[in-house]
Amino acid sequence: MAKPYLELGKRTRKIPSIASLCSSKLFILLAVFAILFIVLLYIQIITSTFDFTNQWRKALFTRNCINGDQDLEYSSMASKLQESVTFLPLKDLRYASKPLQGHTWFMSSMQDTHEEGQVKYQEYPSKASKGRVLCVKGNDTHDGSWNSYALAWPHALPRNATLMKGITFVSYNHYNYDNIWHGICLPLWVLYHWGELRTSMGPWLSSLMAAAFGEPLNIEKFDGRVSSPAVCFERAVVMRHNEGGMSRERRLQVYDFLRCKARIFCHVSMERRRRDDEIGMTMLMRTGARSFKNQTAVAGIFREACRKVEGCRLTVAYAGELDFCGQVRLMGSTDVLVSPHGAQLTNMFLMDRNSRVMEFFPKGWLKLAGVGQYVYHWIASWSGMNHGGAWRDDTGGDGDVCPFDEDDRRCMSVYKNARIGYDERYFSEWAGKVARGVKLRKAEEQMLEKTTTTSSSCGC
């Protein structure tokens with residue numbers, strides 16, 4: 001620390017006595033030692049890695065050593081902290097009108113941590129939680145407002161609470177864990193949907209997570225192993241915004257990683273196909289809702305268009321008839337994915353980077369479906385694919401007629417699951433254009449000695 005400078009005028013200099021000099025130096029020396037002691041004590045306190053519980057415990061112990069009654073005082077303080085733990089509803093109905101905005105209606109009193117380029121998350125215990133751990137209570141699967149959460153000091157957990165050792169991943173999802181798009185970015189072990197406990201994922205997503213982690217996920221069910229009313233986690237990471245906040249570069253890395261792990265899991269070669277001029281065009285069909293009304297005719301149009309481009313081979317498959325590894329193998333040989341809007345399109349990230357996607361919609365979706373209809377445009381961008389556009393039926397494949405004005409949102413209930421018609425001329429020209437574009441891209445990559453796979457960069 002810089003010493004203040006005092007300008008001294010001319011005056012008679014007095015020589016201090018030895019006693020006063022020693023007294024002054026002794027006083028300064030004692031003051032320095034006192035300050036040094038305080039600083040060292042402060043450093044010792046703040047290096048306790050935010051274990052605030054230990055801090056007040058040490059303070060009580062120090063004070064009570066004088067009183068000789070430290071155990072009683074500590075027990076009293078711990079009891080008061082236990083009683084002060086307040087559980088709040090996991091689903092805060094005050095935010096029902098905007099459940100996904102800001103802090104969301106899940107654990108609404110808590111704020112997220114966001115590091116640049118990474119997903120938003122919460123960590124317990126941490127500096128933000130003042131050293132407290134996360135506790136949950138309730139396992140209701142129908143109403144999330146009946147389940148609750150609280151923060152508690154590690155040495156003053158709620159009475160009869162169970163402490164789960166190790167690290168636990170807690171996932172909030174506004175949709176569900178069966179649809180492969182809704183759950184794709186959530187490989188976590190305690191699952192909540194609208195605050196309601198979920199005890200499983202869909203088969204496809206479960207297989208993908210087993211591939212990514214090397215073993216099936218251990219999803220906590222709170223169904224007997226834990227009999228206490230409250231469960232606290234020694235360490236917990238909470239994610240409630242899916243991939244929100246993650247940079248595009250980081251998303252590309254994540255999808256590369258998942259693609260690589262899925263291919264290894266299913267014993268699919270990650271080397272490029274032997275023929276660089278081969279074009280794999282796959283029609284991934286649906287049955288029922290949002291399927292083509294005349295699937296035979298549509299397949300015939302694409303088969304003929306593909307035949308006109310050298311090296312193009314058409315495969316027609318139904319996602320519902322393929323298991324996880326069957327879909328991984330199929331996408332590994334696909335350069336152009338042709339499919340109606342639906343969850344099966346999530347398979348696109350299993351193709352090599354720069355592959356093309358062709359999407360089809362029933363009537364009415366453009367005006368009424370909202371921003372969610374563009375989800376596969378987003379996934380294509382995130383996973384390094386090229387969304388080749390969408391065709392929207394303006395006539396209605398099923399001939400369904402909405403009894404209201406076409407701009408009336410009630411019409412969406414008519415069109416949401418309607419089947420899709422076709423336009424032979426448009427489909428033929430579009431398919432040919434996309435196939436020729438893929439052929440040109442592959443030729444350029446071959447000339448530049450590039451590879452279209454991600455086996456060298458997925459980090460497996």
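Residues numbered from 1 in each chain as written. Predicted model: local features only at pLDDT ≥ 70, side-chain atom pairs only at ≥ 80, totals over all residues. Heavy atoms only, no water.

Engineer: Is there a simple way to explain the state of the cysteines in this structure?
Structural biologist: Within this structure, the stated rule accounts for four disulfides. Cys266 shares a disulfide with Cys325; S-S distance 2.2 Å. Torsion about the S-S bond of the Cys266 and Cys325 cystine: about -80 degrees, corresponding to left-handed handedness. Taken as a pair, Cys266 in the loop between α5 (248-265) and β10 (279-285) and Cys325 in helix α7 (residues 324-332) lie far apart in primary sequence, 59 residues in all. For the pair formed by Cys266 and Cys325, the shared burial category is buried. Note on cysteine connectivity: Cys306 is disulfide-linked to Cys312, with sulfurs 1.8 Å apart. Between Cys306 and Cys312, the S-S torsion sits near -110 degrees, and that sign places the bridge as left-handed. Its relative accessible area of 1% is what places Cys306 among the buried residues. We classify Cys312 as buried; its relative accessible area is 4%. (Disulfide = S-S within 2.5 Å. Helix = DSSP H or I, 4+ residues; strand = E, 2+ residues; numbered from the N terminus. Buried < 20%, exposed > 50% of the residue type's maximum accessible area, 1.4 Å probe, protein only.)

Engineer: Teacher, can you tell me more about the packing of helix α4 (residues 203-213) against α5 here?
Structural biologist: To characterise two packed helices, one gives the angle between the axes of the helices and the distance between these axes. The geometry of α4 relative to α5 is characterised by a closest axis approach of 8 Å and an angle of 95 degrees between their N-to-C directions. Looking at the two axes, α4 sits roughly perpendicular to α5. When α4 is examined against α5, the residues Ser207, Leu208, Met209, Ala210, Ala211 and Ala212 are found in contact with a partner set consisting of Phe257, Leu258, Lys261, Ala262 and Phe265. (Axes fitted to C-alpha atoms, helices over the stretch in contact; angles between N-to-C directions. Parallel < 35°, antiparallel > 145°, perpendicular 65-115°, else oblique. Contact = heavy atoms within 4.5 Å.)

Engineer: I tried to follow the sheet that holds β10 on my own but got confused; where do I start?
Structural biologist: Sheet strands pair by backbone hydrogen bonding; their relative direction is either parallel or antiparallel. Here five strands make up an open sheet; going across it, the order is β11-β10-β12-β13-β14 and the pairing parallel. On the outer flanks of this sheet lie β11 (312-318) and β14 (386-392), each paired with one strand and no other. The mean inter-strand angle of the sheet, taken between neighbouring strand axes irrespective of direction, is 15 degrees. When β10 meets strand β12 (residues 336-340), the two strands line up parallel, connected through three bridges. (Pairing = 2+ DSSP bridges.)

Engineer: Quick question: what am I supposed to make of the environment of Lys130 here?
Structural biologist: Position of Lys130 relative to the elements: it lies in the loop between β3 (120-124) and β4 (133-137). Judged by its relative accessible area of 51%, Lys130 falls in the exposed class. Along the backbone, Lys130 and Leu151 are 21 residues apart, and their C-alpha atoms lie at a distance of 9.5 Å.

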